[in-house]
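# A structural walkthrough
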Amino acid sequence: MVEPTDGVEAAPVRRARDTLPLYAVAAAVTVLVLAPLAAPGYALLYDMVFVPRQPLTWDLVAPAQSLPRAVPMDALVSLVTQLVPGWLVQRLALAGAVFLAAVGAGRLVPTDRRAVRLFAAVAYAWTPYLAERLLIGQWGLLLAYAALPWLVRAALDLRAGRAGALARVVLAAAPAAITPTGGLIALGTVLVLTSDRMRAPRSLLVSQRMHPHRSRQALAAVGVLNAPWVVAALVTGAGGSSDPAGVAAFAARSENWAGPLVALAGTGGIWSAQATPASRAAPLVPVATVVLLVLAGVGAGLLRRRLPPGGAARLAVLVGIGCLLAAVGVLPGGDAALRWAVVHLPGAGLLRDGQKFLAPYALLLVVCAALGAERLVARVDREVAGVVLIGLLFLPVAVLPDLAFGGAGRLRPVSYPAEWQRVAEHIDEEPGEILALPLSAYRAYPWNPGRVVLDPAPRYLPGTVLTDDTLRVGDVAVAGENPRVREMRRALAEGRPVWTTGVRWVLVQHEISGEVDSEVLGGLVTVHDGPFLTLYRNPATVPESGGSGPARLAVVAALGAALLVVIAAAVSALHRRATAW
């Protein structure tokens with residue numbers, strides 16, 4: 001085949017030659033991480049719950065009695081699964097998160113060396129942060145992690161005054177904002193990287209005068225993307241305070257001999273020991289962290305020189321804020337300050353699991369380490385440089401081998417027993433409030449062996465499902481906020497019959513930890529009795545569906561506004577010529 005000689009024709013060929021290896025490596029990493037999902041079924045692990053067709057209920061759109069931790073994520077999943085089966089949505093979300101994280105990081109690195117981009121792609125898609133959040137099932141946060149490099153690049157382009165950057169900022173922030181934490185990370189990124197109020201070097205003042213309104217537009221748009229969960233938090237009956245016991249329970253945790261701060265420095269340190277890959281306990285892991293930090297230090301100067309003036313400093317500010325939030329629970333005095341905040345400041349409970357805010361640090365660490373690798377190989381012979389880059393390419397996998405194959409087999413798909421669908425059909429005929437027993441936030445089902453998962457009933461059944469919102473971390477019980485669940489717990493503790501509580505349905509899940517006193521089920525009518533589930537109807541109540549009300553309609557309005565912002569950005573992007581991300 002003859003190479004095109006014309007410059008106009010040659011440019012796309014060169015672009016394809018540069019980008020195809022990056023996409024191929026990203027695809028290979030995605031397949032390696034998510035290989036078990038080639039089997040049919042649903043991977044159910046901790047917070048990761050997908051069902052065949054998630055009902056569009058008011059409690060998933062705007063929770064009336066609990067904090068909006070999954071707003072607007074649950075509403076979006078409900079809408080999508082009306083058209084696409086849940087098993088496919090799960091695979092698209094997880095594969096998209098890993099693939100886009102790798103490609104985004106590779107394209108963000110300011111370098112012309114293909115191997116350096118590939119190293120950044122593998123390193124960012126193979127961090128302890130990604131592994132731990134995957135194994136705890138927080139796929140929505142992984143979408144924010146994947147969107148971050150794209151958002152950073154779009155924000156830097158916006159600051160440089162490039163055409164179409166505003167639309168790209170909105171489109172990159174949209175997947176991040178499906179959860180409150182991701183939305184805050186996106187908002188903070190846009191604020192720090194584009195804000196006119198943050199003083200920059202004199203060389204940036206010209207672009208600031210040229211487009212002073214662009215930063216405000218971007219902040220306003222990302223603010224609208226955050227509006228659904230903010231409005232839901234304002235109108236919920238759960239209040240804004242959280243149990244201070246969660247501060248210690250959710251603080252960063254040591255993963256080996258080096259302590260929690262070193263675990264955070266390696267982008268790990270999640271509070272849950274069960275979500276931590278076993279390889280993180282290896283004695284050489286802190287050494288690998290130090291090597292990565294040194295490599296990043298070597299590359300930091302290159303990043304500062306290659307980014308627009310002030311860009312690296314703004315990234316450093318963003319990373320510093322994230323690191324402070326991640327470490328505050330283990331810093332002297334930080335625990336007490338955070339305990340006070342979660343009680344007295346509405347919404348401060350979002351800061352209890354501070355390790356979530358390490359995402360910008362993980363990105364900057366990988367980008368600087370990739371540039372450090374570039375500086376390192378520039379000082380050695382070409383043949384030796386190739387060997388060094390190949391070794392660095394496989395370093396993240398060697399340090400964290402048990403991320404492969406779905407966290408060493410933890411993401412194994414299973415099928416729901418058929419009676420789940422039969423129970424859902426019974427409830428759909430006579431809608432009403434559902435109490436799930438035994439009271440427990442998480443379930444260990446025999447048909448989902450070796451794994452614990454958040455009770456799927458609220459996402460499978462068409463109605464408001466009352467499940468225990470108390471989270472047990474070791475010996476610590478972190479109280480939830482739902483007043484209706486507290487009322488149920490008190491009634492059960494007193495031995496009162498469930499029919500007196502006003503619930504329409506009672507779902508008893510068998511062969512899991514905990515027992516249900518038969519006396520509290522007195523007066524109920526058995527509708528379904530199967531090997532895994534028994535459904536009772538309360539004849540003392542009448543079928544009813546949860547009303548909308550002005551508070552919930554306000555959340556719907558916020559969702560509509562966010563959707564309009566995304567559509568406007570997409571239309572704007574489509575009306576411009578193709579831009580290399």
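Summarised in this report is the structure supplied together with it. Here the structure is a predicted model, which is why all the values come from computation and not from measurement.

So, how was this worked out
Residues numbered from 1 in each chain as written. Predicted model: local features only at pLDDT ≥ 70, side-chain atom pairs only at ≥ 80, totals over all residues. Heavy atoms only, no water. Pairing = 2+ DSSP bridges. Helix = DSSP H or I, 4+ residues; strand = E, 2+ residues; numbered from the N terminus. Patch = residues over 30% accessible without salt bridge, like charges linked within 9 Å, V, L, I, M, F, W, Y side chains within 5 Å. Areas by Shrake-Rupley, 256 points an atom, 1.4 Å probe, with all protein chains shown as cover. Salt bridge = Lys/Arg side-chain N within 4 Å of Asp/Glu carboxyl O. Phe/Tyr/Trp six-rings, centres within 6.5 Å; stacked < 30°, edge-to-face > 60°. Buried < 20%, exposed > 50% of the residue type's maximum accessible area, 1.4 Å probe, protein only. Lys NZ or Arg CZ within 6 Å of the ring centre and 35° of its normal. Expected span 1.5 Å × (residues − 1). Polar contact = N/O pair within 3.5 Å; in protein donor to acceptor, adjacent residues only side chain to side chain. Contact = heavy atoms within 4.5 Å. Core = buried A, V, L, I, M, F, W, Y, C linked by side-chain atoms within 4.5 Å. Disulfide = S-S within 2.5 Å.

### Description of the pairing of strand 8 (residues 525–529)
In this structure, strand 8 lies alongside strand 9 (residues 533–537), joined through 4 bridges in antiparallel fashion. From the neighbouring strand, Val 525 faces strand 9, where its bridge partner is Arg 537. Connecting the antiparallel pair strand 8 and strand 9 is a turn made up of 3 residues.

### Quick word on a nonpolar patch on the surface
A surface patch of nonpolar side chains, about 330 Å² in accessible area, is lined by Leu 56, Leu 76, Leu 79 and Val 80. Its place among the elements puts Leu 79 in helix 3 (residues 73–80).

### Concerning the packing of aromatic side chains
Inspection of every chain in the model, using the stated rule, returns 13 aromatic pairs. Centroid distance Phe 50 to Trp 139: 5.1 Å. Interplanar angle 40°. Geometry classified as tilted. With Phe 50 in the loop between helix 1 (7–34) and helix 2 (58–61) and Trp 139 in helix 7 (residues 139–159), this residue pair connects regions lying 89 residues apart in the sequence. Classification of Phe 50 as buried rests on a relative accessible area of 1%. Owing to a relative accessible area of 9%, Trp 139 belongs among the buried residues under this scheme. Arg 504 extends its terminal NZ or CZ atom over the ring of Trp 505, reaching a point 5.8 Å from the ring centre.

### Thoughts on helix 17 (residues 359–377)
Here helix 17 is 19 residues long and its end C-alpha atoms lie 27 Å apart, about the 27 Å a rise of 1.5 Å per residue gives. Burial within helix 17 is extensive, with 17 of its 19 residues counted as buried.

### Section: the side chain of Thr 81
Examined against the element boundaries, Thr 81 turns out to sit in the loop between helix 3 and helix 4 (86–108). Since its relative accessible area comes to 4%, Thr 81 is described here as buried. Within polar-contact distance, the side chain of Thr 81 engages the backbone oxygen of Ser 78 at 3.3 Å. Beyond its immediate sequence surroundings of up to four residues, Thr 81 is in contact with Pro 52, Arg 53, Gln 54, Gly 86 and Val 89.

### As for the nonpolar core
Counting residues in each nonpolar core, the largest one holds 145 residues, and the members touching the most others are Tyr 124, Trp 139, Tyr 416 and Leu 461. Once residues lying within four places of it in the same chain are set aside, the contact partners of Leu 461 are Pro 55, Trp 420, Val 423, Ala 424, Ile 427, Ile 434 and Leu 507. In terms of nonpolar packing, the next biggest core, distinct from the first, is built from 13 residues, Leu 435, Leu 437, Val 503 and Tyr 536 among them.

### Some details on the state of the cysteines
According to the stated counting rule, one finds 0 disulfides in the structure shown. Cys 323 takes part in no disulfide bond, and the closest cysteine sulfur to it belongs to Cys 368, at a distance of 12 Å.

By themselves, these observations are geometric and do not establish any function.
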